[in-house]
Amino acid sequence: MKSSDLDVLIVGAGAAGMMCAIEAGKRGRRVRVIDHARAPGEKIRISGGGRCNFTNLGTGGANFLSENPRFALSALKRFTQRDFLKMVERHGIAWHEKTLGQLFCDDSARQIIRMLTDEMKTAGVVLSLNLGVKAIARDGERFTVDLDDGTRVSAASLVVATGGKSIPKMGATGWGYEVARQFGLRVTETRPALVPLTFEPGLLEQLKPLAGVAVDAVVRTTGDKARNASFTEAMLFTHRGLSGPSILQISSYWREGEAITVDMAPGEDVAARLLAAKTENGKQAVHTALGHIIPRRLAEVICARENLSGKLAEIGDKKLRAMAETVNAWTVKPVGSEGYRTAEVTLGGVDTAALDQQTMEARTVPGLFFIGEVADVTGWLGGYNFQWAWSSGWAAGQSC
Ligand code: FDA
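Scoring rules and cut-offs
Residues numbered from 1 in each chain as written. Predicted model: local features only at pLDDT ≥ 70, side-chain atom pairs only at ≥ 80, totals over all residues. Heavy atoms only, no water. Near = heavy atom within 4 Å. Polar contact = N/O pair within 3.5 Å; in protein donor to acceptor, adjacent residues only side chain to side chain. Areas by Shrake-Rupley, 256 points an atom, 1.4 Å probe, with all protein chains shown as cover. Helix = DSSP H or I, 4+ residues; strand = E, 2+ residues; numbered from the N terminus. Buried < 20%, exposed > 50% of the residue type's maximum accessible area, 1.4 Å probe, protein only. Contact = heavy atoms within 4.5 Å. Core = buried A, V, L, I, M, F, W, Y, C linked by side-chain atoms within 4.5 Å. 1 Å grid on protein atoms, 1.4 Å probe; cavity = no way out; pocket = protein on both sides within 12 Å on 5 of 7 lines; lining within 4 Å. Points joined across faces, edges and corners; volume = space filled by probe spheres on them. Nonpolar A, V, L, I, M, F, W, Y, C, P; charged D, E, K, R; others polar. UniProt positions renumbered as here; feature names shortened; annotations may be inferred. Pairing = 2+ DSSP bridges. Axes fitted to C-alpha atoms, helices over the stretch in contact; angles between N-to-C directions. Parallel < 35°, antiparallel > 145°, perpendicular 65-115°, else oblique. Left-handed = near helix turned anticlockwise from the far one by under 90°.

K.L.:
For the site of the ligand, give the residues involved together with the corresponding values.
P.N.:
What surrounds the ligand is a group of 30 residues, the closest being Ala16, Asp35, Asn53, Glu373 and Phe386. A distance of 3.2 Å separates a nitrogen atom of the ligand from a polar atom in the backbone of histidine 36. One nitrogen or oxygen atom from the main chain of phenylalanine 386 is found 2.8 Å from an oxygen atom belonging to the ligand. For the ligand, whose free accessible area comes to 990 Å², the fraction covered by protein is 92%. Mapped by element, the contributors of at least two residues to the shell around the ligand are helix H1 (15-26), helix H2 (42-46) and helix H13 (384-397). Tallying contributions element by element places H13 first for the shell around the ligand, with four residues.

K.L.:
Before we move on, could you go through the environment of tryptophan 330 and cite the residues and values that matter?
P.N.:
With respect to the element layout, tryptophan 330 can be found in strand E17 (residues 330-332). Exposure remark for tryptophan 330: the relative accessible area of 8% places this residue in the buried category. Beyond its immediate sequence surroundings of up to four residues, tryptophan 330 is in contact with Phe199, Leu207, Phe237, Leu242, Ile260, Thr261, Val262, Met264, Arg305 and Glu325.

K.L.:
Lay out the nonpolar core with the relevant residues and their values.
P.N.:
Formed by 82 residues in total, the largest nonpolar core has its most connected members in Ile44, Phe84, Ile112, Phe370 and Trp390. Apart from residues lying up to four places away in sequence, isoleucine 44 is in contact with Ala15, Met18, Cys52, Ala109, Ile112, Ile113, Leu116, Phe386 and Trp390. Counting 53 residues, the second-largest nonpolar core is a separate cluster that includes Leu203, Leu210, Leu248 and Leu381.

K.L.:
Talk me through empty space enclosed by the protein; I want residue IDs and the actual numbers.
P.N.:
A full pass over the atoms with the stated rule returns one cavity of 30 Å³ or more. Estimated volume of the largest cavity: approximately 60 Å³. In this structure, the largest cavity is lined by Phe199, Leu204, Leu207, Lys208, Leu210, Ala211, Phe237, Thr238, His239 and Gly241. When grouped by side-chain class, the residues that make up the lining of the largest cavity number six nonpolar, three polar and one charged.

K.L.:
Tell me about the UniProt feature "domain: RsdA/BaiN/AoA(So)-like Rossmann fold-like" (unreviewed entry) in the chain, residues and numbers included.
P.N.:
Per the UniProt annotation, the sites labelled "domain: RsdA/BaiN/AoA(So)-like Rossmann fold-like" (unreviewed entry) are residues 7-398. Within the segment residues 7-398, helix and strand shares are 31% and 22% respectively, and the terminal C-alpha atoms sit 13 Å apart.

K.L.:
Please give an account of the UniProt feature "domain: RsdA/BaiN/AoA(So)-like insert" (unreviewed entry) in the chain that cites residues and values.
P.N.:
Per the UniProt record, the feature "domain: RsdA/BaiN/AoA(So)-like insert" (unreviewed entry) sits at residues 191-345. When the span residues 191-345 is considered, its composition is 34% helix and 22% strand, and the gap between its end C-alpha atoms is 9 Å.

K.L.:
An account of the sheet that holds strand E18 (residues 336-337) is needed here, citing residue identities and associated values.
P.N.:
Reading across from one edge, E17-E16-E13-E14-E15-E12-E18 is the order of the seven strands in this open sheet, with antiparallel pairing throughout. In the strand order of this sheet, the two ends are held by E17 and E18, each with one partner. Bridge count between strand E14 (residues 230-237) and strand E15 (residues 241-243): two bridges; the pairing is antiparallel. When the sheet's bridge partners are listed, phenylalanine 237 is paired in E15 with leucine 242.

K.L.:
Describe unusual backbone geometry, and please don't skip the residues or the numbers.
P.N.:
Even without being a glycine, isoleucine 167 presents a positive backbone phi close to 60 degrees. With respect to the helices and strands, isoleucine 167 occurs in the loop between strand E10 (152-160) and helix H6 (175-182). Residue classification places isoleucine 167 among the buried residues on the basis of a relative accessible area of 17%. For asparagine 307, which is not glycine, the phi torsion reads 55 degrees and is therefore positive.

K.L.:
Now, about the packing of H1 against H13: what can you tell me, with residues and values included?
P.N.:
Relative placement of two packed helices is described by the angle separating their axes and the distance separating the axes. Following both chains from N to C, one finds H1 and H13 inclined at 30 degrees, their axes separated by 7 Å at the closest point. In this view, H1 runs roughly parallel relative to H13, as classed from their interaxial angle. With respect to the hand of their crossing, H1 and H13 are arranged in right-handed fashion. Facing Ala15, Ala16, Met19, Cys20, Glu23 and Ala24 of H1, the residues of H13 in contact are Phe386, Ala389, Trp390, Gly393, Trp394, Ala396 and Gly397. Partitioning the contact of H1 with H13 into residue classes produces 10 nonpolar, two polar and one charged.

Now the structure itself:
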């Protein structure tokens, strides 16, 4: 079998793998990156609606979920959002802040991929596409890796940067978890995150007319206090349940069997507004009055669900208050999520207790590194997941 010697073999030419390759290459290491996809950085290409929300100005430890929430801090502090931004600017990529500190390319996510592949070239990194791994073995202090093309690679460091299980259509397999298990490392429970939530058929039928309606909302968990969370962002009714940024965010904290509460009129005391409207103009229809506070289609469906029709003046205050409660604190139990098919990320992954937080190296297997989404570090929506990929890739690149 044809065999070649390397310092570093990186599996996965995504955000984390390419960043790691650049840094290791700059240190003079002989680096090869392999990926079973046809092109590098496919998730970067489709991210942020094609414009890649490449980081968040407000990135900090509080924006990440993990069994060990402090694990990510070291890498995030050593290679920050500002450091990545400097790289973007050095490459002349125009960017803008959209909202809540989220930075996007003005033109195209492809510019970020080009930036990374150009930097890899400069750092002397070899990139091999359409190539996967057949088997990995530990050979003394090195790794012997058999590739799909029948060749064998011997490497001092093996970096697993294969991401999570989300979007299997794009080649996501969860392969990195198998590698972790092969070397005796624990993998925490994994589940789809940043994902739309779904409703049971009966509720869907009632809410059918709302598909496509968006509102600003405050969405909260109601389950285990350890997973308390609340997000104020847009929410979208879909044909299958709820989506939009606030729902994607809460999905990382929600568990099956739990309800969420939704305030569909943040900052508005809907009961007070309806009672005032009743005094000022009792002749107006109840759905019209409610339609001045929330989108009209939503107002109509809520009135129908509460069996309220006719003029405000004809409806008792108690009933108006009860309806207002369903607007300010709608409690609803999703039955599930859309799953890995559409999830932006995988929650959970390689147990961070098994990894060195400075280098991402497995404590018990010198030379084996896990970076990016494959590790149990999951960011909020808004550029945090890419920042984790850049920071963890950079950290591993300093010592692999
Ligand atoms: P990533 O998944 O990027 O890369 C893994 C690579 O490994 C892939 O190239 C894959 O082909 C390869 N691979 C997998 N298994 C392999 C195997 N067995 N052999 C060889 N190669 C293998 N985040 C954010 O911060 N801002 C955003 O705007 C978005 N937007 C967004 C949109 C959509 C639709 C999705 C699905 C996700 C996002 N994300 C995001 C999340 C972000 O894309 C994600 O967190 C990072 O890409 C993770 O980077 P990694 O390098 O860890 O994995």
